[in-house]
Amino acid sequence: MIKTPADYLNLFLIQGIVFSDDWVQSSIQALRHFGTPNSGIATYLKKYATFLIDFCIQDVSFKWFSSKVIAAASIEISWRIVGVFPHWNKEFENIFHLSYDEISDASTKMY
């Protein structure tokens, strides 16, 4: 069965992409710990990642990237947009089975 970037995104979201030691940049204070996966941040991360995937599947320059790489890069870029730190961590490598080097070209092209 062929998996699309959206399929991988849903798989990654089920496993969780917000961790208790992540931080989000706030305009009120320099960094604010948001901690729980139930925060509104997770909703925004999903919306941005979905938008980025929709964009990528319409752009022929992304056809060389695997669906898994596009999904992982869309999550990494959505973290940048929302201001979550760190943008990439060991938990991601365990979930995605990809290193940052493997998604960096797609991330750079998206951002």
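Residues numbered from 1 in each chain as written. Predicted model: local features only at pLDDT ≥ 70, side-chain atom pairs only at ≥ 80, totals over all residues. Heavy atoms only, no water.

A.B. asks: Can you help me understand the overall build of the protein in this one?
C.D. replies: When helices and strands are counted, the protein shows 5 helices and 3 strands. Going from the N terminus to the C terminus, the protein shows its helices and strands as α-β-β-α-α-β-α-α. When burial is assessed residue by residue, the protein has 41% of its 111 residues classed as buried. Residue pairs at least 24 apart in sequence account for 68% of intrachain contacts in the protein once pairs closer than 6 positions are excluded. (Helix = DSSP H or I, 4+ residues; strand = E, 2+ residues; numbered from the N terminus. Buried < 20%, exposed > 50% of the residue type's maximum accessible area, 1.4 Å probe, protein only. Contact = heavy atoms within 4.5 Å.)

A.B. asks: Quick question: what am I supposed to make of a nonpolar patch on the surface here?
C.D. replies: There is a patch of nonpolar side chains on the surface, built from Tyr44, Tyr48, Ile81 and Tyr111 and spanning about 450 Å² of accessible area. Turning to its location among the elements, tyrosine 48 is positioned in helix 2 (residues 40–58). (Patch = residues over 30% accessible without salt bridge, like charges linked within 9 Å, V, L, I, M, F, W, Y side chains within 5 Å. Areas by Shrake-Rupley, 256 points an atom, 1.4 Å probe, with all protein chains shown as cover. Salt bridge = Lys/Arg side-chain N within 4 Å of Asp/Glu carboxyl O.)

A.B. asks: Could you clarify how one ought to interpret unusual backbone geometry in this entry?
C.D. replies: Trans is the common state for peptide bonds, and a negative phi is the common state for residues other than glycine. A positive phi angle, near 60°, is found at histidine 97, a position not held by glycine. Along the polypeptide, histidine 97 turns up in the loop between helix 4 (90–96) and helix 5 (100–110).

A.B. asks: What am I meant to see in the confidence of the model for the protein here?
C.D. replies: As a general rule, the predicted coordinates of low-pLDDT regions are not to be interpreted in detail. Model confidence for the protein is summarised by a mean pLDDT of 78, while 77% of its residues fall at 70 or above. Across the protein, the element-wise mean pLDDT spans from 39 in strand 2 (residues 31–33) up to 94 in helix 5. (pLDDT = per-residue confidence, 0-100.)

A.B. asks: So what exactly am I meant to see when it comes to helix 3 (residues 67–82) here?
C.D. replies: Count 3.6 residues to each turn of an α-helix, and residues three or four apart come out pointing the same way. Across its 16 residues, helix 3 extends 23 Å between first and last C-alpha, which sits within 8% of the 22 Å expected from 1.5 Å per residue. Most of helix 3 is tucked away, with 13 of its 16 residues classed as buried. One or two positions beyond helix 3, positive phi appears at glycine 83, with a value near 95°. (Expected span 1.5 Å × (residues − 1).)

A.B. asks: Looking at this structure, how should I read the nonpolar core?
C.D. replies: As a rule of thumb, nonpolar side chains are buried together in soluble globular proteins. Membership of the largest hydrophobic core comes to 28 residues, with the highest contact counts inside it found for Phe12, Ile75, Phe96, Ile103 and Met110. Mapped onto this core, the elements with two or more residues apiece are helix 1 (5–15), helix 2, helix 3, helix 4 and helix 5. Here this core gets 9 residues from one element, more than from any other, and that element is helix 3. (Core = buried A, V, L, I, M, F, W, Y, C linked by side-chain atoms within 4.5 Å.)

A.B. asks: How should I be thinking about the packing of helix 3 against helix 5 in this particular structure?
C.D. replies: Relative orientation and spacing of two packed helices are given, respectively, by the angle between their axes and the distance between those axes. One can describe the packing of helix 3 onto helix 5 by two numbers: an axis separation of 8 Å at closest approach and a directional angle of 65°. Taken together, the axes of helix 3 and helix 5 lie roughly perpendicular to each other. Like other packed secondary-structure pairs, helix 3 and helix 5 cross with a definite hand, here right-handed. Across from Val69, Ile70, Ala72, Ala73, Ser74, Glu76, Ile77 and Arg80 in helix 3, the residues of helix 5 making contact are Tyr100, Glu102, Ile103, Ala106, Ser107 and Met110. (Axes fitted to C-alpha atoms, helices over the stretch in contact; angles between N-to-C directions. Parallel < 35°, antiparallel > 145°, perpendicular 65-115°, else oblique. Left-handed = near helix turned anticlockwise from the far one by under 90°.)

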